[in-house]
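# Descriptive structure summary
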Amino acid sequence: MQNYLTQITRPLLAWYDKNARILPWRDRPTPYRVWISEIMLQQTRVEAVKPYYERFLSALPDVFSLADVPEDQLMKLWEGLGYYNRARNLQKAAEIIVREYGGELPVSFDALCSLPGIGAYTAGAIASIAFGLPVPAVDGNVLRVISRILASRDDIADTKVKQAMSAMLTDILPVRVGDFNQSLMELGATVCLPNGEPLCASCPLAHLCKAHLEKLTDTIPVKAAKKKRRIEDRTVFVILSGGAVALHKRTEKGLLSGLWEFPNTERKLTPVEAKAFLQEHNIAAETIEPLTGAKHIFTHIEWHMCGYLVYADNQSAGFTWVSLQEFLDDYALPSAFRVYAKVAKNKL
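These numbers come from a predicted model, not from an experiment.

Our next topic: the pattern of salt bridges. The final tally for this structure, using the stated rule, is 15 salt bridges. R26 is paired through a salt bridge with E186; the nearest N and O atoms lie 2.7 Å apart. Of this pair, R26 sits in the loop between α2 (9-19) and α3 (31-40) while E186 sits in helix α12 (residues 177-190), and the two are 160 residues apart along the sequence. On the accessibility criterion, R26 (22% relative accessible area) is partly exposed. Assessed through its relative accessible area of 1%, E186 is described here as buried. Here D179 makes a salt bridge to R176, at a shortest N to O gap of 2.9 Å. For D179, a relative accessible area of 27% gives the class partly exposed. What emerges from the salt-bridge pattern is a single network uniting D17, R176 and D179.

Quick look at the structure:
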């Protein structure tokens, strides 16, 4: 199998040279820029990342500024991207890089792997793209491409399978290692698609792809079924009083830890139950209006939400009350509350 894969390097690089997407992080691939892009791209679409990437680098252009930025500002820059621990780990890693490496990312795969938030794939991407080190970068796209080329029925969710494919790729890495790693990712993202039919007619490796030649692309790659997500019902309150909206900060542990949110509670509350909730939190409600429901999917949990718009006569000390400008500029709310954030912005 290893010898078989040596055939993919030349046609794949030729295809990449002509078809690579123009992406902001491919312009001047410094270690810092590559690192930020790879963290942002984890479990997030390229088109969603683009505006965040530009804004983030404009505000935090280097490791030193990232290490020093206040957490609330960091969360505001990350607002809407989700998986907020990625941002926290970026800052933790930046602090280590400043303290132990003089503000320069280490030119070592193992040292990169030791930093918070950086696993084997991200370390491989930084090491190969930014430093030209001969290491593979194996993500879901790459696993899918290689599985199809080899018509492998091994479970790509299995760590041992990923390690075996990484070893096979290590043996065939060309001089242009960074471009080669990116070409595999690019092929998986734009041609050898994860959902729906792969675009085999446009693939530079179709003549080498055993899954294509044997008509197995609909069953390869093999991946163990994900566990079913747990459904949680929630009620969200958009409470307005005196030109301000009520917010609450989540605890430092668990889902969406340390982020700001609208007051909310488990279960879908009836109007009578919602009024009782407000009274328990010392809110004198002038009016309570039902809001559109919303749904948000996390990795293992799915929130099914209902909401209430509340005009209150008082600002309870149990919440933090912020103006529209503060809400827009200073407070990062998870995208789970996007529907209700829009209501708050329109009503303030």
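Glancing now at the domain arrangement of the protein. We note that the domain assignment places domain 1 (1-214) and domain 2 (230-346) within the protein. Computed over C-alpha atoms, the centres of domain 1 and domain 2 are 36 Å apart. In this assembly, 10 residues from domain 1 lie in contact with 16 residues from domain 2. The junction of domain 1 with domain 2 conceals about 910 Å² of combined surface from both sides, 42% of it contributed by carbon and sulfur atoms.

Let us look at the environment of S183. On the secondary structure map, S183 appears in helix α12. For S183, a relative accessible area of 0% translates into the label buried. Sequence-wise, S183 and N19 are 164 residues apart; in three dimensions their C-alpha atoms are separated by 9.4 Å. Beyond its immediate chain neighbours, meaning those up to four positions away, S183 contacts L12, W15 and Y16. Here the side chain of S183 touches F180 through a polar contact of 2.6 Å, landing on its backbone oxygen.

Here the focus is the packing of aromatic side chains. Throughout the structure, instances matching the rule amount to 10 aromatic pairs. Here F298 and W303 contribute two aromatic rings whose centre-to-centre distance is 5.0 Å and whose plane-to-plane angle is 75°, an arrangement assigned as edge-to-face. Using a relative accessible area of 12% as the deciding quantity, one classes F298 as buried. Of the residues examined, W303 reaches a relative accessible area of 1% and is grouped as buried. The rings of F262, F298, W303, F327 and F337 are connected pair by pair, giving a single aromatic cluster. Lying across the ring of Y4, K210 places its NZ or CZ 4.6 Å from the centre. Just above the ring of W303 sits the side chain of R234; from NZ or CZ to the centre is 4.7 Å.

Attention shifts here to helix α14 (residues 271-280). Among all positions of α14, only A274, F277 and L278 are buried. Relative to the axis of α14, the buried residues are bounded by an arc of 95° and lie together on one face. The outward face of α14, more than 90 degrees from its buried face, is lined by the exposed residues V272, Q279 and E280. In this structure, the buried residues of α14 make contact with β1 (230-241), β4 (264-266), β5 (285-297) and β6 (301-312). N282 occupies a position one or two residues after α14 and carries a positive phi of about 60°.

The positions that UniProt labels "domain: HhH-GPD" (unreviewed entry) are, in the present scheme, residues 40-190. Along residues 40-190, the helical share is 66% and the strand share 0%, with 19 Å between the first and last C-alpha atoms.

A separate point is the side chain of R88. Structurally, R88 can be placed in helix α7 (residues 85-101). A residue is classified by how much of its surface remains accessible, and R88, at 13% relative accessible area, is buried. There is a polar contact of 3.3 Å between the side chain of R88 and the side chain of E71. Discounting chain neighbours no more than four positions away, the residues touching R88 are E71, M75, S257, G258 and L259.

This part covers the nonpolar core. Counting residues in each nonpolar core, the largest one holds 100 residues, and the members touching the most others are I8, W35, I36, F56, L66, I146 and F262. Split by domain, this core shows at least three residues from each of two domains, domain 1 (1-214) and domain 2 (230-346). Beyond its immediate chain neighbours, meaning those up to four positions away, F56 contacts Y32, I36, M40, L66, L74, L77, W78 and L90. Core analysis: the next-biggest nonpolar cluster, separate from the first, contains 14 residues, F237, A246, A274 and A312 among them.

What counts as what
- Residues numbered from 1 in each chain as written.
- Predicted model: local features only at pLDDT ≥ 70, side-chain atom pairs only at ≥ 80, totals over all residues.
- Heavy atoms only, no water.
- Salt bridge = Lys/Arg side-chain N within 4 Å of Asp/Glu carboxyl O.
- Helix = DSSP H or I, 4+ residues; strand = E, 2+ residues; numbered from the N terminus.
- Buried < 20%, exposed > 50% of the residue type's maximum accessible area, 1.4 Å probe, protein only.
- Domains from an automatic or database assignment.
- Contact = heavy atoms within 4.5 Å.
- Buried area = accessible area lost by both parts, 1.4 Å probe.
- Polar contact = N/O pair within 3.5 Å; in protein donor to acceptor, adjacent residues only side chain to side chain.
- Phe/Tyr/Trp six-rings, centres within 6.5 Å; stacked < 30°, edge-to-face > 60°.
- Lys NZ or Arg CZ within 6 Å of the ring centre and 35° of its normal.
- Arc of directions from axis to C-beta.
- UniProt positions renumbered as here; feature names shortened; annotations may be inferred.
- Core = buried A, V, L, I, M, F, W, Y, C linked by side-chain atoms within 4.5 Å.

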